[in-house]
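Below are the chains, spelled out letter by letter.
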Amino acid sequence: LPLWVLSRRLLLTTTLSSLGVGAILIGLTSYVPSYLEGSLGVVPTIAGLTLAVLTIGWPIASSLCGWFYLRIGFRSTALIGMGFVVLGALVLAVFSFTPMLVIVAVGCLIVGLGLGFVATPSIIAAQSSVEWSERGVVTGTNMFARSIGSAVGVAIFGAVANSIFAAHGGDETDVATIVSAASAVFIAVVIAALFTLVATFAMPRR
């Protein structure tokens, strides 16, 4: 990984944004299904379909964001997306102690829309800022950052959830413990979203 990738402000901030996107994505995909199954007793299929709303929102936003960034710029479009991500994460965290399928689905949809508005303009902004001979490195760095974010994120979120289970005697079948652990993870996702918002805000305006 050539160090010049991290020495340019636009590339550094978009890489950090991708890091956050990976963490947020893995945090929700790993814990939303188990949260719904453990708290509401729904079957895995229903829990998976509720989470699938996130993957529906992402491509919808990605297909629309081109209209936005061509008019208001990459940074502004990504900031709008991060606003959605923070809002969706807050919905999941605030309502985590009163689990409802509809609320979780709405929160995931909002997060998915936001991630679509963040991921696409960020990587296109990074690609557009370099020469053709450097675009492979820039694209690979962005994708690698997302993978690193997922790996680190799942480890941190897992540690948070496990600490809650340990504090409650390690009973992984207790509904109250499952809800508390999921709530802690959702709060951690909010923190990751705020970190990503700061990185996105630091993107150059031009």
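**Points about the overall build of the protein chain**
What the protein chain contains, in helices and strands, is seven helices and zero strands. Sequence-ordered secondary structure for the protein chain, helices as α and strands as β, is α-α-α-α-α-α-α. Whereas a compact globule of 206 residues would reach a radius of gyration of roughly 17 Å, the protein chain reaches 18 Å, a difference of no more than 12%. Structurally, the protein chain occupies a C-alpha span of about 55 × 35 × 25 Å along its principal axes. Of the roughly 9,500 Å² that the protein chain leaves accessible, carbon and sulfur atoms contribute 72%. Charge centroids of the protein chain, computed over 8 positive and 6 negative side chains, lie 28 Å from each other.

**Thoughts on the pattern of salt bridges**
As enumerated under the stated definition, the model contains one salt bridge in all. Its salt-bridge partner being Glu134, residue Arg8 comes within 3.5 Å of it at the nearest N-O pair. Placement of Arg8 in the loop between α1 (4-7) and α2 (9-40) and of Glu134 in the loop between α5 (101-128) and α6 (135-167) is noted, with a sequence separation of 126 residues between them. For Glu134, a relative accessible area of 19% translates into the label buried.

**Points about empty space enclosed by the protein**
All told, the structure shown has one cavity of 30 Å³ or more when counted by the stated rule. Estimates place the volume of the largest cavity at around 40 Å³. Lining the largest cavity are Thr14, Ser17, Ser18, Val21, Val118, Ala119, Ser122, Asn142 and Arg146. Where the lining of the largest cavity is concerned, the elements lending two or more residues are α2, α5 and α6. Of all the elements, α2 adds the most residues to the lining of the largest cavity, at four residues. In terms of residue class, the lining of the largest cavity is made up of three nonpolar, five polar and one charged.

**Regarding the packing of aromatic side chains**
All chains considered together, the criterion is met by five aromatic pairs. Ring centres of Trp67 and Phe68 lie 5.2 Å apart, and the angle between their planes is 80°; this geometry places the pair in the edge-to-face category. A relative accessible area of 28% means that Phe68 is categorised as partly exposed. Between the NZ or CZ atom of Arg75 and the centre of the ring of Phe201, over which it lies, the distance is 4.7 Å. Looking at Arg135, its charged tip hangs above the ring of Trp132, at a distance of 4.1 Å from the centre.

**A short note on the nonpolar core**
One finds Leu28, Val32 and Phe186 to be the most contacted residues of the largest nonpolar core, which totals 40 residues. Looking at this core, the elements that each hand over two or more residues are α2, α3 (44-72), α4 (74-94), α5, α6 and α7 (175-201). Of the residues forming this core, the biggest block, twelve residues, is contributed by α7. Aside from chain neighbours lying at most four places away, what touches Val32 is Leu51, Val104, Cys108 and Phe186.

**Comments concerning a nonpolar patch on the surface**
Together, Leu40, Val43, Ile46, Leu49 and Leu101 give the surface a local cluster of nonpolar side chains, amounting to about 390 Å² of exposed area. Mapped onto the fold, Leu40 is located in helix α2.

**With respect to α6**
Here α6 spans 48 Å end to end across 33 residues, near enough to the 48 Å set by a 1.5 Å rise per residue. All of the buried residues in α6 are Val138, Thr141, Asn142, Ala145, Gly149, Ser150, Gly153, Phe157, Gly158, Ala161, Ile164 and Phe165. Those residues of α6 that are buried lie in contact with α1, α2, α5 and α7. Remark: Gly169 follows α6 within two positions and exhibits a positive phi of approximately 90°.

Thresholds, definitions, all that
Residues numbered from 1 in each chain as written. Predicted model: local features only at pLDDT ≥ 70, side-chain atom pairs only at ≥ 80, totals over all residues. Heavy atoms only, no water. Helix = DSSP H or I, 4+ residues; strand = E, 2+ residues; numbered from the N terminus. Rg over C-alpha atoms; globule rule 2.2 N^0.38 Å. Areas by Shrake-Rupley, 256 points an atom, 1.4 Å probe, with all protein chains shown as cover. Lys, Arg positive; Asp, Glu negative; His and termini not counted. Charge placed at Lys NZ, Arg CZ, Asp CG, Glu CD. Salt bridge = Lys/Arg side-chain N within 4 Å of Asp/Glu carboxyl O. Buried < 20%, exposed > 50% of the residue type's maximum accessible area, 1.4 Å probe, protein only. 1 Å grid on protein atoms, 1.4 Å probe; cavity = no way out; pocket = protein on both sides within 12 Å on 5 of 7 lines; lining within 4 Å. Points joined across faces, edges and corners; volume = space filled by probe spheres on them. Nonpolar A, V, L, I, M, F, W, Y, C, P; charged D, E, K, R; others polar. Phe/Tyr/Trp six-rings, centres within 6.5 Å; stacked < 30°, edge-to-face > 60°. Lys NZ or Arg CZ within 6 Å of the ring centre and 35° of its normal. Core = buried A, V, L, I, M, F, W, Y, C linked by side-chain atoms within 4.5 Å. Contact = heavy atoms within 4.5 Å. Patch = residues over 30% accessible without salt bridge, like charges linked within 9 Å, V, L, I, M, F, W, Y side chains within 5 Å. Expected span 1.5 Å × (residues − 1).

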